[in-house]
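Chain and residue survey
So you can see what is in the structure, the chains are spelled out below.
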Amino acid sequence: MTKSVYKFGGGLAEGDARQKELLGGKGANLAEMAGIGLPVPPGLTIATHVCAAYYDAGGRLPDDVQEQVLAALTFIEATTGKNFGDPANPLLVSVRSGARVSMPGMMDTVLNLGLNDSTVAGLAAASGNPRFAWDSYRRFIQMYGDVVLELDHYLFEDALEIAKEDKGVSQDTGLDAGDLQALVARYKAIVEQAWGKPFPQDPHEQLWGAIGAVFGSWRSDRARTYRRLNDIPESWGTAVNVQAMVFGNLGDTSATGVAFTRDPSTGERAWYGEYLINAQGEDVVAGIRTPQYLTMAAREKAGAKAASMEEAMPVVFTELGKVFDLLEGHYRDMQDIEFTVEDNRLWMLQTRAGKRTARAALKIAVDMVGEGLITEAEAVLRVEASALDQLLHPTLDPKAPRDVIARGLPASPGAASGTVVFDSDTAEMKAKLGDAVILVRTETSPEDIHGMHAARGILTARGGMTSHAAVVARGMGRPCVSGAGSISIDLVGRTFLAGGRRIAEGERITIDGATGEVMIGDVATVEPDLSGDFGILMLWADKHRRMKVRTNAETPADCRVARQFGAEGIGLCRTEHMFFEPSRITAVRRMILAEDTAGREEALAELLPEQRADFAEIFRVMAGLPCTIRLLDPPLHEFLPHDDAGFVDVAAATGLSEALVRRRIGELHEFNPMLGHRGCRLGITYPEIYAMQARAIFEAAVMVAQETGEAVVPEVMVPLVAAPKELELTKAAIDAEAELVFAASGTRLDYLVGTMIELPRAALRAAEIAHSAEFFSFGTNDLTQTTLGISRDDAARFLGPYVEKGIYPKDPFVSIDEEGVGELVAIAAERGRRTKPDLKLGICGEHGGDPASILFCEGLGLDYVSCSPYRVPIARLAAAQAALKKR
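Throughout what follows, the structure given in this document is the object of discussion. (Residues numbered from 1 in each chain as written. Predicted model: local features only at pLDDT ≥ 70, side-chain atom pairs only at ≥ 80, totals over all residues. Heavy atoms only, no water.)

Let's shift gears to helix 20 (residues 556-564). Every buried residue of helix 20 is accounted for by P556, C559 and A562. Angularly, the buried residues of helix 20 cover 120 degrees about the axis, an arc narrow enough to put them on a single face. Those residues of helix 20 that are buried are in contact with strand 27 (548-552), strand 28 (570-574), helix 22 (597-621) and helix 34 (872-886). Just past helix 20, the residue G566 takes up positive phi, approximately 100 degrees. (Buried < 20%, exposed > 50% of the residue type's maximum accessible area, 1.4 Å probe, protein only. Helix = DSSP H or I, 4+ residues; strand = E, 2+ residues; numbered from the N terminus. Arc of directions from axis to C-beta. Contact = heavy atoms within 4.5 Å.)

Mapped onto the elements of the fold, D633 is located in the loop between strand 29 (626-630) and helix 23 (644-654). Residue D633 is classed as buried on the basis of its relative accessible area of 5%. Taking the C-alpha atoms as reference points, D633 and Q142, 491 residues apart in sequence, are found 62 Å from one another. With residues near it in sequence (within four places) discarded, D633 still touches E576, R678, G679, L682, P719 and L720. Of note is the side chain of D633, whose polar atom sits 2.8 Å from the side chain of R678. (Polar contact = N/O pair within 3.5 Å; in protein donor to acceptor, adjacent residues only side chain to side chain.)

Before going further, it helps to spend a moment on the pairing of strand 10 (residues 272-277). Most of strand 10 is tucked away: 6 of the 6 residues are buried. Side-chain alternation along strand 10 places Y272, E274 and L276 on one buried face and G273, Y275 and I277 on a second face that is also buried. When strand 9 (residues 255-260) meets strand 10, the two strands line up antiparallel, connected through 6 bridges. Paired with A259 across the bridge in strand 10 is G273. One ladder, built from 2 bridges, connects strand 10 with strand 11 (residues 292-293); its direction is antiparallel. Residue pairing in the sheet places E274 in a bridge with Y293 of strand 11. (Pairing = 2+ DSSP bridges.)

With that settled, the discussion passes to the environment of L320. With respect to the helices and strands, L320 occurs in helix 13 (residues 314-331). Looking at L320, the relative accessible area reads 0%, which means it is buried. With residues near it in sequence (within four places) discarded, L320 still touches L294, M309, F339, L346 and M348.

Reading around the barrel, the 8 strands line up as 27-28-29-30-31-32-33-34 and close back on themselves, with parallel pairing between neighbours. Neighbour-to-neighbour, the strand axes of the sheet open up by a mean angle of 25 degrees, direction not taken into account. Inspection of the sheet shows strand 27 paired to strand 34 (residues 864-867) by 4 bridges, in the parallel sense. Looking across to strand 34, one finds that K548 is bridged to Y864. Packing against the sheet, helix 26 (residues 687-708) makes contact with strand 29 and strand 30 (713-718), and its axis sits at approximately 170 degrees to strand 30. (Axes fitted to C-alpha atoms, helices over the stretch in contact; angles between N-to-C directions.)

Turning our eyes to something else, we now look at the packing of aromatic side chains. The final tally for this structure, using the stated rule, is 19 aromatic pairs. Centre to centre, the rings of F260 and Y272 are 5.9 Å apart; their planes meet at 75 degrees, and the pair counts as edge-to-face. Residue F260 is found in strand 9, and its partner Y272 is found in strand 10; the two are separated by 12 residues along the sequence. On the basis of relative accessible area, F260 is assigned to the buried category, the value being 1%. Between F615 and F619 the ring centres are 6.3 Å apart and the planes differ by 20 degrees, which places this aromatic pair in the stacked class. (Phe/Tyr/Trp six-rings, centres within 6.5 Å; stacked < 30°, edge-to-face > 60°.)

In structure tokens form, the structure reads like this:
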């Protein structure tokens with residue numbers, strides 16, 4: 001029989017933190033904490049491989065797993081001295097998920113399991129606190145009804161609100177034992193009416209139902225969305241943890257809380273967290289009650305009145321602080337901790353590496369090197385490369401005027417402006433249309449994951465710094481203001497009231513997640529500051545990376561941004577973008593519409609000085625660095641109009657007859673232009689086009705070299721080569737233009753001629769093509785299209801389901817398809833270097849800024865990656881991480 005259940009607590013730990021693949025993150029860390037002697041309630045972990053077995057069995061636990069669970073349950077009973085289902089001395093348990101990586105709020109939890117009409121009386125007698133017992137029972141029915149029976153949780157929430165209104169109290173803590181007993185009766189009636197059967201009274205039936213629901217939540221819509229957004233394979237599955245309950249709702253000597261050993265927003269070395277007296281953990285993370293601060297310093301900084309834990313429970317707080325220091329030193333990373341205080345006794349319920357903003361990740365990594373906890377190489381590996389994107393965009397200008405209408409908690413830093421929406425479906429719909437939206441909710445729940453991802457920022461009326469909205473927003477890099485209690489949301493009228501002003505859906509607001517401010521309208525921004533910890537980590541990254549990082553840029557402004565971010569050259573300059581400039585589009589169209597070589601050359605002569613000036617500006621910015629210039633690639637019809645008004649305009653601008661314009665445009669029409677007369681095919685059939693571009697490149701390079709004394713190294717790239725002869729002929733023409741320019745100027749420069757490998761045939765014939773090439777640049781955008789037979793522009797409508805069903809592990813246009821496109825890249829690299837060992841190899845598609853694709857490129861030994869200017873730092877860090885992982 002395969003071992004599938006592992007015990008922990010009570011001096012026993014059948015696992016440790018290294019076994020996350022088997023036990024999930026939560027189970028592995030519970031075992032680790034138990035193993036190092038921390039107070040952990042005893043429990044059991046059902047291993048992750050059971051998740052697949054559960055689904056394979058049609059949603060049922062295998063018999064041998066049930067047997068192992070029951071055996072481990074007797075261990076929990078013996079450790080606690082309580083018995084599951086015993087009316088006199090009942091053992092209650094929690095049932096929680098635990099995937100190998102943190103998925104906060106995405107899967108289900110059930111607390112207080114084991115309560116029924118008999119055991120609630122036993123719990124009341126054993127604790128001497130009937131209010132606590134009935135409070136736990138009503139919580140259990142509500143959670144079980146929602147999670148396991150899949151009843152609408154609003155049914156229970158409405159009943160609770162009515163009970164509070166009838167009592168004249170605002171908090172559930174104002175309800176006494178009799179009120180809660182009546183509420184339990186109401187909850188049971190709700191279950192019987194909505195479910196059609198009475199609430200389950202058998203604790204074992206409850207247990208199997210809860211375990212099944214937690215496994216079932218692995219495939220919930222919200223969990224699928226989170227996995228898709230975070231590249232988590234469905235095949236990993238989740239573990240399930242069944243653990244003896246400890247109670248934070250026993251009274252004023254009990255509490256529950258969530259804490260971080262450092263500030264997850266800023267990275268400051270200060271304990272950060274929240275707690276609630278007389279509450280259970282869901283009250284904190286779900287934003288049901290706005291919690292209190294952990295430390296006195298945090299309370300004073302926020303101007304809050306309610307006592308911090310440091311003040312209200314000083315002895316337990318001191319013990320908790322020692323645990324913080326122990327866990328951070330043990331794991332050598334910032335920890336996210338859940339704890340409960342039961343009658344002044346501290347219990348640890350979870351620890352994991354805390355989710356943090358990019359800025360916090362940088363500071364924590366750099367500080368921990370200074371503290372001697374980790375090495376520089378470990379620091380480079382600690383910061384998620386793609387998370388740097390949070391730092392590379394503008395923030396609110398502190399000098400800009402702000403019309404502040406509300407203030408909440410600064411839950412996730414950054415700022416965002418957008419139109420107000422009140423539900424996640426609307427947020428997603430509007431975002432797909434290109435609108436920037438701010439999602440405004442009373443509080444968020446795991447079902448809001450798709451709307452939070454679509455929104456530029458999140459604003460909630462309830463919840464604290466460790467609420468669902470705050471934790472998920474920080475992980476996504478979305479600005480968030482939570483707990484803005486002064487705003488009142490009217491979901492029926494689709495408005496919210498703040499500062500005496502009513503804001504309707506569709507109006508624009510700005511939120512500042514660093515200050516908690518909510519403002520009417522848009523607020524001006526400033527460029528990011530990339531010094532300090534960012535600069536230090538980039539220096540360390542550059543020490544460890546092997547591959548160079550270039551940029552895809554065709555304007556001087558983009559080039560300047562890229563150089564500021566550390567780009568080491570241009571990997572792709574698309575010359576066709578320059579042809580659309582208003583000052584030259586008429587000459588371009590005359591060149592295209594010309595019916596002979598002489599006509600084309602006349603128009604190209606007008607374009608030559610414009611192209612030369614374009615390249616000169618770029619070369620001045622990139623002086624001393626290599627610059628890969630791609631010759632004209634798209635089909636010529638893209639520069640022409642396609643409607644009657646456009647035909648008239650072109651005829652007037654070019655001096656040609658409208659009839660000729662219509663005829664020539666008709667002649668140039670293609671049924672599948674992506675595979676038509678484009679790329680080097682233009683250079684073969686109209687060699688004068690590439691001759692003009694080559695001359696412009698070399699004249700500009702010579703001019704800038706003479707001006708500055710710093711020569712760029714032009715790398716002339718011929719697109720869409722499929723046959724060796726195409727490159728051979730085109731290279732001969734380029735070389736001829738170079739010699740003419742060098743002879744006329746008296747200045748010679750180093751330059752290279754190469755090709756973009758973007759067709760499967762080019763990859764397969766790379767050995768022959770390399771005879772004429774001095775570099776290969778893999779154009780993985782088109783190579784992906786031509787290999788998979790998928791149009792990038794049309795793929796969105798079906799690629800999502802393809803990824804969800806496991807046909808492709810990821811969107812192949814975002815992260816390289818290693819098995820198909822990747823194999824072609826590997827073949828071309830190996831065959832090209834077999835012909836020419838010093839052949840320079842790079843990648844210039846969108847994959848050049850994707851960390852997973854960069855790791856693949858490092859494995860192949862490519863010389864550089866090239867990406868958009870704002871992704872250059874991401875690529876630098878990802879290249880360093882790839883090199884370190886390879887070692």
